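Residue-level structure breakdown
Now for the letters of each chain:
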Amino acid sequence: MPRQPLELEPFRGLRYTHGDLDRFIDGGFDLARLLAPPYDVPDAEEARALQRSDPYNAARVTLPFELGRTDADGTGGGIPRRYRTAAALLHDWIDTGALAPDPRPALYVYEQVTGDGRRQRGLIGALRLPEDGREPAVLPHEDVADAPVHDRFTLMGAARANLEPIFLLYRGAGGAASATAESAADPPLVEARTRDGAEHRLWAVTDPAVHARVAADLAGRSALIADGHHRYAAYRRLHAARDAPGWAYGLALLVDSDTHPPRLGAIHRVLPGLRAEDAVAAARSVAAVEALDRVSAPDLAAVEGPALLLASPDGGAHLVHDFDEDALARAMPGRSPRWRHLPTAALHELLLPLYGFPEEAVRMVHDDPAEAVAAAHHEKGTAVIVPALDVHLVYAIAAQGELTPRKSTSFGPKPRTGLVMRLLDPLPPG
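The structure reproduced in this document is the subject of the present report. Here the structure is a predicted model, which means the values were calculated and not measured.

Some thoughts on the environment of Asp 324
Relative to the assigned elements, Asp 324 resides in the loop between β19 (317-321) and α10 (325-331). Overall, the relative accessible area of 36% leaves Asp 324 in the partly exposed class. Between the C-alpha atom of Asp 324 and that of Leu 309, which follows or precedes it by 15 residues, the distance is 17 Å.

Overview of the pairing of strand β10 (residues 166-170)
Counting buried positions over the five residues of β10 gives five, a clear majority of the element. Judged by which residues are buried, β10 turns out to be covered on both faces: Ile 166, Leu 168 and Tyr 170 on one side and Phe 167 and Leu 169 on the other are all buried. Where β10 and strand β14 (residues 249-256) come together, five bridges link them in parallel fashion. Each bridged residue has a counterpart across the sheet, and for Tyr 170 the counterpart in β14 is Asp 256.

Some thoughts on a negative patch on the surface
Together, Asp 43, Glu 45, Glu 46, Asp 368 and Glu 371 make up a region of like negative charge exposed at the surface. Checked against the element boundaries, Glu 371 lands in helix α13 (residues 369-379).

So, unusual backbone geometry
Gly 412 connects to Pro 413 through a cis peptide bond whose omega is 0 degrees. Positive phi values are uncommon outside glycine, yet Asp 322 reaches one of about 50 degrees. Structurally, Asp 322 is set in the loop between β19 and α10. Here Asp 322 falls in the exposed class, since its relative accessible area comes to 55%. Phi at Asp 367 takes a positive value of approximately 75 degrees, unusual for a residue other than glycine. When you line up the elements, Asp 367 lands in the loop between β20 (363-366) and α13.

Some remarks on the sheet that holds β19
Read across the open sheet, the six strands follow the order β17-β19-β18-β21-β16-β20; overall the sheet is antiparallel. With one partner strand each, in any of the chains shown, β17 (288-292) and β20 form the two edges of the open sheet. Neighbour to neighbour, the strand axes of the sheet diverge by 25 degrees on average, direction disregarded. Two strands pair when backbone bridges link them, and strand β18 (residues 308-311) and β19 are joined in this way by four bridges, in the antiparallel orientation. Paired with Leu 309 across the strands is Leu 319, a residue of β19. Each of β16 (267-271), β18 and β21 (382-385) touches helix α12 (residues 343-355); the most contacted strand, β16, lies at about 5 degrees to it.

Observations concerning α13
Because the α-helix completes a turn every 3.6 residues, residues three or four places apart line up on one side. Every buried residue belonging to α13 is among Pro 369, Ala 372, Val 373, Ala 375 and Ala 376, and all of these are buried. For α13, the buried positions fall inside an angular range of 160 degrees around the axis, keeping them on one side. Opposite the buried face of α13, by more than 90 degrees, sit the exposed residues Ala 370, His 377 and His 378. Buried residues along α13 sit in contact with β16, β18, β20 and β21. Where α13 begins, the side chain of Asp 368 points an oxygen toward the backbone nitrogen of Ala 370, at a separation of 3.0 Å.

Calculation rules
- Residues numbered from 1 in each chain as written.
- Predicted model: local features only at pLDDT ≥ 70, side-chain atom pairs only at ≥ 80, totals over all residues.
- Heavy atoms only, no water.
- Helix = DSSP H or I, 4+ residues; strand = E, 2+ residues; numbered from the N terminus.
- Buried < 20%, exposed > 50% of the residue type's maximum accessible area, 1.4 Å probe, protein only.
- Pairing = 2+ DSSP bridges.
- Patch = residues over 30% accessible without salt bridge, like charges linked within 9 Å, V, L, I, M, F, W, Y side chains within 5 Å.
- Areas by Shrake-Rupley, 256 points an atom, 1.4 Å probe, with all protein chains shown as cover.
- Salt bridge = Lys/Arg side-chain N within 4 Å of Asp/Glu carboxyl O.
- Lys, Arg positive; Asp, Glu negative; His and termini not counted.
- Charge placed at Lys NZ, Arg CZ, Asp CG, Glu CD.
- Axes fitted to C-alpha atoms, helices over the stretch in contact; angles between N-to-C directions.
- Contact = heavy atoms within 4.5 Å.
- Arc of directions from axis to C-beta.
- Polar contact = N/O pair within 3.5 Å; in protein donor to acceptor, adjacent residues only side chain to side chain.

Following this line, the structure appears as structure tokens:
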């Protein structure tokens, strides 16, 4: 099967306009007030706070479940009202000049500097989607669920826009694409400091000669989806549903992991209603279990093989490790040893069935073990502290064609929503 090249095309970015928003926002233009985290990061309370923070905050179109009432509110042309409301709002912002397309196609250099000083740069462009009969250049590493894919498919289809970029990693080895991202030095188009202390800057690269060098450099490479698996699946579904040139691409941020190694955090689990003592007792039947005097994720770093911490709301914790290999193999037939040794695989494929705990009832907590323990206390359940994976392990699993269990990784820093969007329908000349 021939391999499809990795293609990141320039496009006319849809961006907030400084001059027009000056008259719309009390106190003048402050881009940081308009930006939002990726749609799947805020919980319902945080989503409401974002939407109330400013009438032009990007979350008002990326989180339509908070804009309308419910899916039962009625449909138009088969599209639930909440999506039609979000789409109408986006196009109202365009009609009134709050958002406008840039005059020339560009690849955008995006720089993030986190509050703790981590710097990341990459290129935002229009990613060509896979074609039938060709080996794709973009590799997923995580499985997806249909509901969030359908949610993003419906929203982007109604809005006729890619509202936020997915996050891709590639091994750039300092090639032309990486050099283009690193060389942006003129004053940026926009910059903002968000409430988390992160700085965001965006430059436009409009030189066709530079575009050609980037294209030649990327053609022989492949990329890994770091964040945005459901949006990528929605891109592909939109492409299949709409036979038009603009829908053959999706918005993406491409970062050279050789130059900017990503932060790879953990996603912990909360099992509401499951008593920690019951979880520990069941785990003893398939693994070694040791009592610890504290909950500490670093305790997992030095443990070989899959390892997890079961934490009770009262502060007690147990290390679960040295899983029975036969039990792992029986629970995961057809999987590679590398996959069976993923901590999330051991949890979801072996321990949860052992507990009789339904997959859909598991709650996710990003990064912070203490937050997971607090949530377990609130839910009268058990927190499962999961170690972060190594990026090289993720590359290796994706390369062998396997997908990690859902929510096995939390790559960062994630791109902020609202800096640049992409209309899917053709734009008139600028």
